[in-house]
Amino acid sequence: MPRIGVVGATGVVGRVALELLKQRGYDDVRAFASARSAGSTVDGLTVEEATPEGLSAGDLDLCLFSIGTAASKELVPHAVRGGAICVDKSAAFRLEPGVPLVVPEVNGDRALEHKGIVANPNCSTIPLTLVLKPLYEAAGLRALRVATYQSKSGAGDATLQQFLDEEPGDHDLAMDWDYDGEDFEDEAKLREETRKIMQLPELPISVTCVRVPVPVGHSESVWIEAEEPLSPEQARELLGAAPAVRLEDFPTPGKAAGGDEVLVGRIRRDPAAENGLSLFLSCDNLRKGAALNGIQIAELVLSGRPVPA
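What comes next concerns the included structure. In this text, all values refer to a predicted model and were calculated from it rather than measured experimentally. (Residues numbered from 1 in each chain as written. Predicted model: local features only at pLDDT ≥ 70, side-chain atom pairs only at ≥ 80, totals over all residues. Heavy atoms only, no water.)

### A look at the sheet that holds strand β4 (residues 45-49)
In a beta sheet, neighbouring strands pair by backbone hydrogen bonds and run either parallel or antiparallel. Strand order across the open sheet formed by seven strands is β3-β4-β2-β1-β5-β6-β7, with mixed pairing between neighbours. At either margin of the open sheet sits one strand with a lone partner, and together these are β3 (41-42) and β7 (117-119). As judged from the four bridges shared by strand β1 (residues 4-7) and strand β2 (residues 29-33), these two strands associate in the parallel manner. In the strand pairing of β2, G5 is matched with R30. Running over the sheet, helix α10 (residues 287-303) touches β5 (62-65), β6 (85-88) and β7 and is turned about 160° from β5. (Pairing = 2+ DSSP bridges. Helix = DSSP H or I, 4+ residues; strand = E, 2+ residues; numbered from the N terminus. Contact = heavy atoms within 4.5 Å. Axes fitted to C-alpha atoms, helices over the stretch in contact; angles between N-to-C directions.)

Now the structure itself:
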């Protein structure tokens, strides 16, 4: 049984990771977080401070990181130096050359190319690529347009709690990512990560991201321009057989919350594009969109073979 460290264990994704590890039978698990949380208890575990010395001690086989980008850049190399394989959820390593960016059902073989670090994609990129893969394999992909509707939990505990404490009349849309004058940070992430995972570095992708007053569950409107004709009926058949995907007439974040599949529906022709299709998807951003995908990556790497769908 591998010795596992969950770094960022007191955060919203870290807590889900601990829950999923327990459900999957892992019992040699340690919880790490910042000095502020050290000594507290989460899921029956006493939280240890995540320090370079502690993570490089050589007593961990695997580390699941769900902390900020700056903290991951500091701490992940220490855990790797101590012999641990690190699956990192931040943006620190996702676009680094030589670091696999993995959705196991889409490009799981890439994880086996790791040199100690495997990157876990953005919580909107994961469900998008799960849906794109079977359609791309059947008809190619010429261009992609995406609008995301991301839940409050995607911004972390503080944002989620603020939302839960608000009066319903105070709820509003938000665009709360860093802005470079043209793109919000998540828009750039979704575009570049999708290109890397799909191995389509020149694919034209247009993205708009917005945060919506929903606690859990990210949704996306997707407009696909394929290279070859693909009917809505063919798309439904392909997606109905795809791993980690479930057809749903009207996907919603509420239906997706607590589940491990991407719900996809509203599949129809897009008359604005040649060989165009449009669809709508929803996914639990804390489970398959974050913690579960990271655990599946870990299982893939530890076993040396792709995880089952």
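### What about the packing of aromatic side chains?
Summed over the entire model, instances satisfying the criterion amount to three aromatic pairs. Ring centres of Y179 and F184 lie 4.8 Å apart, and the angle between their planes is 35°; on these two criteria the pair is classed as tilted. On the basis of relative accessible area, Y179 is assigned to the exposed category, the value being 52%. One aromatic cluster is present, built from ring pairs that chain together W177, Y179 and F184. (Phe/Tyr/Trp six-rings, centres within 6.5 Å; stacked < 30°, edge-to-face > 60°. Buried < 20%, exposed > 50% of the residue type's maximum accessible area, 1.4 Å probe, protein only.)

### Remarks on the nonpolar core
Core analysis: the biggest nonpolar cluster contains 56 residues, and L55, F65 and L279 have the highest contact counts within it. Here this core gets seven residues from one element, more than from any other, and that element is helix α5 (residues 125-139). Grouped together as the second largest cluster of nonpolar side chains are 32 residues, V16, Y26, V29 and L292 included. (Core = buried A, V, L, I, M, F, W, Y, C linked by side-chain atoms within 4.5 Å.)

### Looking at the pattern of salt bridges
Within the structure shown, the criterion is met by 25 salt bridges. Via salt bridges that share partners, R142, R145, E225 and E274 belong to a single interconnected network. (Salt bridge = Lys/Arg side-chain N within 4 Å of Asp/Glu carboxyl O.)

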